[in-house]
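The residues making up each chain are set out below.
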Amino acid sequence: MAELLASGRSIDFVLAMIALEAIVLIVLWRKRLCPLRPSSTLLILAPGTCLLLASRAVLSGASWTAVSWLFLVALFIHLVDLRQRWRRESGRLDTASADRSGMTIPALPARLLYKAASTHAFTERGLYLNLGYWPKARTIDEACEAMVELVGQTAGLTSEDEVVDVGFGFAEQDIYWIRRFSPRRIIGVNITPEQVRVARERVRELGLEARIDLREGSATATGLPDACCDVVTAVECAFHFDTRELFFAEAARLLRPGGRLVLADSIPIRVESDPWRHPLRTFLHALVRAALAVPLANVYPREVYAQKLAAAGFESVRVDSIRDQVFPGWRRAVVEDAGLRRRLGPVGWLLRAMPETPMDEGFDYVLAVAYRPRG
Ligand SMILES: C[S@@+](CC[C@H](N)C(=O)[O-])C[C@H]1O[C@@H](n2cnc3c(N)ncnc32)[C@H](O)[C@@H]1O
């Protein structure tokens with residue numbers, strides 16, 4: 001045994017095993033059975049391999065410079081690995097601290113929320129269900145349309161594009177984009193069957209079925225093929241998804257190389273609220289989150305949002321706050337527009353009674369854009 005160890009053949013055997021392990025993990029990754037990317041596998045295995053090679057070099061009487069180089073390479077790769085893990089774990093830490101401060105009231109399922117509101121829309125003319133983008137808008141109708149225009153412009157929609165639009169409400173936005181930017185085709189995916197039915201009828205009446213294909217389903221598992229579109233859009237809905245992070249992965253799968261993901265999305269910002277010092281505020285915040293069908297896993301600030309997009313494989317990620325162009329205008333409309341309050345039902349009167357809602361205080365509203373790498 002001592003002879004075997006001294007000869008270095010045992011080290012050769014272990015090195016062969018490590019090479020085999022690397023090959024197996026990379027093959028499993030290619031078949032989507034292993035979550036570790038080849039780069040992560042190499043970062044895990046390379047430092048140990050270098051140390052074994054250094055031992056092998058010592059046993060075979062190699063020069064001290066060769067041995068030192070192997071030690072240095074092992075140290076360098078280990079530090080790169082450590083840095084990556086540090087970044088990943090600090091992202092998790094942010095999320096975990098958000099979880100710690102939020103009360104764990106389970107979120108109402110989005111499907112139930114929209115079943116209750118299935119025939120209601122915020123706007124007077126169209127059937128929009130977003131808070132609106134208000135810099136130039138005077139009415140909720142103009143503001144909702146401006147929000148959809150903003151997303152279309154940010155996505156740079158052209159007549160060449162095939163679009164997947166998730167959480168489309170009553171497809172008012174898809175009808176708008178087809179008329180305004182004339183994309184080749186839009187496939188819509190929405191989880192609320194009643195909305196899909198109403199939206200399909202509207203699209204049929206307008207003779208747009210060939211260009212707007214509306215389906216019932218979840219944004220996190222659309223069932224659409226890989227690389228089937230150039231643009232993925234989500235207007236004021238990703239905060240509902242279980243989870244938003246799973247949707248990022250799904251969007252990355254659906255997009256062709258160079259494709260764009262654009263979201264108008266509401267995110268909680270006051271995650272540091274201390275439940276012991278501000279029990280009522282924390283409770284109200286948690287209640288609003290749960291009633292708005294926002295899973296706790298989607299509670300994290302803008303910086304973590306951007307990190308999660310990058311972790312899903314997107315590049316040139318931008319997550320800009322547009323809360324000042326959204327919330328004040330919406331609040332003004334709720335106070336001044338009796339028609340909007342009527343359409344909102346009891347929620348409208350509740351919002352008017354407490355205009356400084358936990359939503360204004362505790363939520364951000366972002367416009368996010370990210371690109372699938374060209375490969
Ligand atoms: C606030 S509404 C926004 C509707 C529309 N984008 C608009 O601006 O008028 C949110 C939409 O997200 C949809 N939704 C919620 N969870 C979903 C999911 N997991 N997958 C697909 N759609 C979802 C709801 O059915 C609803 O249509």
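Keep in mind that what you see is a predicted model, and the values were worked out from it rather than measured. (Residues numbered from 1 in each chain as written. Predicted model: local features only at pLDDT ≥ 70, side-chain atom pairs only at ≥ 80, totals over all residues. Heavy atoms only, no water.)

## Comments concerning the packing of aromatic side chains
Logical step 1: In this structure the tally under the stated criterion is 5 aromatic pairs.
Logical step 2: What links up through ring pairs into an aromatic cluster is the set Phe241, Phe247, Phe248, Tyr300 and Tyr305.
Logical step 3: Over the ring of tyrosine 300 we find lysine 308, and its NZ or CZ is 5.0 Å from the ring centre. (Phe/Tyr/Trp six-rings, centres within 6.5 Å; stacked < 30°, edge-to-face > 60°. Lys NZ or Arg CZ within 6 Å of the ring centre and 35° of its normal.)

## Some points on the side chain of asparagine 298
Logical step 1: For asparagine 298, the location among the structural elements is in the loop between helix H10 (279–291) and helix H11 (302–311).
Logical step 2: Given the relative accessible area of 0%, asparagine 298 is considered buried.
Logical step 3: Among the polar contacts made by the side chain of asparagine 298, one reaches the main-chain amide nitrogen of arginine 244 at a distance of 3.0 Å.
Logical step 4: Setting aside anything within four residues of it in sequence, one finds asparagine 298 in contact with Ala238, Phe239, His240, Phe241, Thr243, Arg244 and Pro268. (Helix = DSSP H or I, 4+ residues; strand = E, 2+ residues; numbered from the N terminus. Buried < 20%, exposed > 50% of the residue type's maximum accessible area, 1.4 Å probe, protein only. Polar contact = N/O pair within 3.5 Å; in protein donor to acceptor, adjacent residues only side chain to side chain. Contact = heavy atoms within 4.5 Å.)

## Structural notes on the sheet that holds strand S4 (residues 229–235)
By way of backbone hydrogen bonds, the strands of a sheet pair with one another, either parallel or antiparallel.
Logical step 1: Taken together, the 7 strands give an open sheet; going across it, the order is S3-S2-S1-S4-S5-S7-S6, and neighbouring strands pair in mixed fashion. Each edge of the open sheet is held by one strand with a lone partner, namely strand S3 (212–216) and strand S6 (315–321). Neighbour-to-neighbour, the strand axes of this sheet turn through a mean angle of 15°, independent of strand direction.
Logical step 2: Sitting on the sheet, helix H7 (residues 172–181) touches strand S1 (162–166), strand S2 (185–190), S3 and S4, and the angle it makes with S3 is about 160°.
Logical step 3: Packed onto the sheet, helix H12 (residues 323–336) meets strand S5 (255–268), S6 and strand S7 (363–371) and runs at close to 140° relative to S7. (Pairing = 2+ DSSP bridges. Axes fitted to C-alpha atoms, helices over the stretch in contact; angles between N-to-C directions.)

## Topic: the nonpolar core
Logical step 1: Formed by 53 residues in total, the largest nonpolar core has its most connected members in Phe122, Trp177, Trp330, Leu340 and Tyr365.
Logical step 2: No other element matches helix H6 (residues 140–155), which puts 8 residues into this core.
Logical step 3: Ignoring any residue separated from it by four or fewer positions in sequence, one finds phenylalanine 122 in contact with Tyr128, Leu129, Asn130, Leu131, Ile140, Trp330, Leu340, Arg343 and Leu344.
Logical step 4: Of all hydrophobic cores here, the second largest spans 31 residues; its members include Val166, Cys229, Leu255 and Ala368. (Core = buried A, V, L, I, M, F, W, Y, C linked by side-chain atoms within 4.5 Å.)

## With respect to the pattern of salt bridges
Logical step 1: One pass over the structure, following the stated rule, counts 17 salt bridges.
Logical step 2: Between arginine 256 and glutamate 162 there is a salt bridge, with its nearest N and O atoms 2.8 Å apart. Note that arginine 256 is positioned in strand S5 and glutamate 162 in strand S1, a separation of 94 residues in sequence.
Logical step 3: Since its relative accessible area comes to 24%, arginine 256 is described here as partly exposed.
Logical step 4: In this structure, arginine 302 and aspartate 364 form a salt bridge, with 3.2 Å as the shortest nitrogen-oxygen distance. (Salt bridge = Lys/Arg side-chain N within 4 Å of Asp/Glu carboxyl O.)

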